[in-house]
Amino acid sequence: MVYGKSFNRYIEAFVSRFERALFGRRNLVLFTLDSTSAEECERVWPGGCVKGGTPGIMHKFLIPWIFNIYDIVWIDFDVYFWQDPTLDILEHQKAGDYEILISGSFATHCICNGIVYFRATENMRLWLLDVIHWMYDHPYEHDQKCFAAWLNHTERVSYEPLPRSGSLPTWDTLDSVVKFITAAVVEGNGWMADSWRNVVLFHFLHGESDMSELDVSGGWLKNSKAYKGHIDPAGFKKGSAAPKSTLMEVFFGPNSTLERRIWALEQSRQRDRVTLLDGMSCGFSSESLEKMQGGLQV
């Protein structure tokens, strides 16, 4: 899903890297939510573009639901393909007959819905439709917290039982230590492996959105010292990153190089793995502290 000036200029580089990593396969669909991104997508990826309407986070659930006559993988636009993920995902799915596989966190029990495999089952479609209905009625809930709650994992978004139309899909987290990893620009993330060549997909958390007024996480992330330290080796040595550089530039910008991408990836490598947030919620609560303390025992 792509829209807005912050992302449109990277469409060509994104699809080029996808095609190269997957050895020429074109099983990628980009959902473009404004006219500029639609035109750019058709220019560089003809036949693989779907034009949407008003930008909104519910597209993250609607699009997989619409296409769930097929097994599909949702991948955020700020994910870099180091290699083809197909075999790893299919082997994991078959090992447990899973309906959902979702990326997780290096050192916590939290999920991250930036990379999600959805199996094409009737139960999966019912579950997605339930999530869509609930998100429509609760537009101010964070999408990732909602996703976790509907998986019955770590989060609570309602004091009442969620209105499920079917059973909970079978699900598991992808390998978040070596293969499907997230940048250590926020606490609890990173990776450990013998080599960067073991990494499959890298969710580098761009930290910016043209809907930043609806999701304030982008603002504080982009301005954090941790994020800036992952941008540019030259800027890092000087003590601060180049002011106009971003991780989108590092991985998909015109001056992106393999050396620079490896350098940015290596900034997230960890020496050890100490678990965090055991027994705690991963997201913010929409309820008051008094109500949580008085009305809910966990």
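These numbers come from a predicted model, not from an experiment.

Q: I'd like a description of the overall build of the protein chain, backed by residues and values.
A: Per the secondary structure count, the protein chain includes 13 helices and 9 strands. Evaluated residue by residue, the protein chain yields a buried proportion of 49% over its 298 residues. At a minimum sequence separation of 6, the contacts of the protein chain that also span at least 24 residues come to 66%.

Q: Explain the sheet that holds strand β3 (residues 72–75) to me, using residue names and the numbers behind them.
A: Spatially, the 4 strands line up as an open sheet ordered β3-β6-β5-β7, and their pairing is mixed. Lying at the two open borders of the sheet, with one neighbouring strand each, are β3 and β7 (171–173). The average undirected angle you get between the axes of adjacent strands in this sheet is 25 degrees. Examined bridge by bridge, strand β5 (residues 100–104) and strand β6 (residues 111–118) share 5 bridges and lie antiparallel to one another. In the strand pairing of β6, Ser103 is matched with Cys112.

Q: Explain the sheet that holds strand β9 (residues 201–203) to me, using residue names and the numbers behind them.
A: Pairing is mixed across the open sheet formed by 3 strands, whose spatial order is β4-β9-β8. Each of the sheet's edge strands pairs with one partner strand only, and the pair in question is β4 (79–81) and β8 (180–182). When the angles between neighbouring strand axes are averaged without regard to direction, this sheet yields 20 degrees.

Q: Describe in detail the pairing of β5, supporting the description with residues and values.
A: Of all 5 residues making up β5, 5 are buried, and the element is well covered by its neighbours. Hairpin connection from β5 to β6: 6 residues lie between these consecutive antiparallel strands. Across 3 bridges, β5 lies against β7 in parallel orientation. Within β7, the residue paired with Leu101 across the bridge is Asp172.

Q: Now, about the packing of aromatic side chains: what can you tell me, with residues and values included?
A: The geometry of an aromatic ring pair comes down to the distance between the two centres and the angle between the two planes. Inspection of the entire model under this criterion finds 19 aromatic pairs. Taking the centre distance of 5.7 Å and the plane angle of 45 degrees together, the rings of Tyr80 and Phe252 count as tilted. Taken together, the positions of Tyr80 in strand β4 and Phe252 in helix α11 (residues 247–252) put the pair 172 residues apart, joining distant regions of the chain. For Tyr80, a relative accessible area of 3% gives the class buried. For Phe252, a relative accessible area of 4% gives the class buried. Geometrically, the ring pair formed by Phe118 and Phe147 is tilted, given 6.4 Å between the ring centres and 55 degrees between the ring planes. With a gap of 29 residues between them, Phe118 in strand β6 and Phe147 in helix α7 (residues 143–150) connect regions that are remote in the sequence. Like Phe147, Phe118 is buried. Lying over the aromatic face of Trp45, Arg26 brings its terminal NZ or CZ to 3.8 Å of the ring centre. Geometry around Phe106 places Arg273 over its ring, the cationic atom sitting 5.6 Å from the centre.

Q: Which residues make up the pattern of salt bridges, and what values go with them?
A: Pairing is possible between side chains of opposite charge, provided their charged atoms come close. Applying the stated rule across the entire model yields 10 salt bridges. For Asp88, the salt bridge identified is with Lys179, shortest N-O distance 2.7 Å. With Asp88 in helix α5 (residues 86–96) and Lys179 in the loop between β7 and β8, the pair connects residues that are 91 residues apart, well separated along the chain. Overall, the relative accessible area of 18% leaves Asp88 in the buried class.

Q: Describe the confidence of the model for the protein chain, with residues and values.
A: Predicted coordinates in regions of low pLDDT should not be interpreted in detail. For the protein chain, the mean per-residue pLDDT works out to 84, and 81% of the residues sit at or above 70. The secondary-structure element of the protein chain with the lowest mean pLDDT is helix α13 (residues 289–295), recorded at 43, while β4 shows the highest, at 98. Low pLDDT (under 50) marks residues 235–243, which in the prediction has 8 contacts with non-local residues, meaning those over four places away or in another chain.

Parameters at a glance
- Residues numbered from 1 in each chain as written.
- Predicted model: local features only at pLDDT ≥ 70, side-chain atom pairs only at ≥ 80, totals over all residues.
- Heavy atoms only, no water.
- Helix = DSSP H or I, 4+ residues; strand = E, 2+ residues; numbered from the N terminus.
- Buried < 20%, exposed > 50% of the residue type's maximum accessible area, 1.4 Å probe, protein only.
- Contact = heavy atoms within 4.5 Å.
- Pairing = 2+ DSSP bridges.
- Axes fitted to C-alpha atoms, helices over the stretch in contact; angles between N-to-C directions.
- Phe/Tyr/Trp six-rings, centres within 6.5 Å; stacked < 30°, edge-to-face > 60°.
- Lys NZ or Arg CZ within 6 Å of the ring centre and 35° of its normal.
- Salt bridge = Lys/Arg side-chain N within 4 Å of Asp/Glu carboxyl O.
- pLDDT = per-residue confidence, 0-100.

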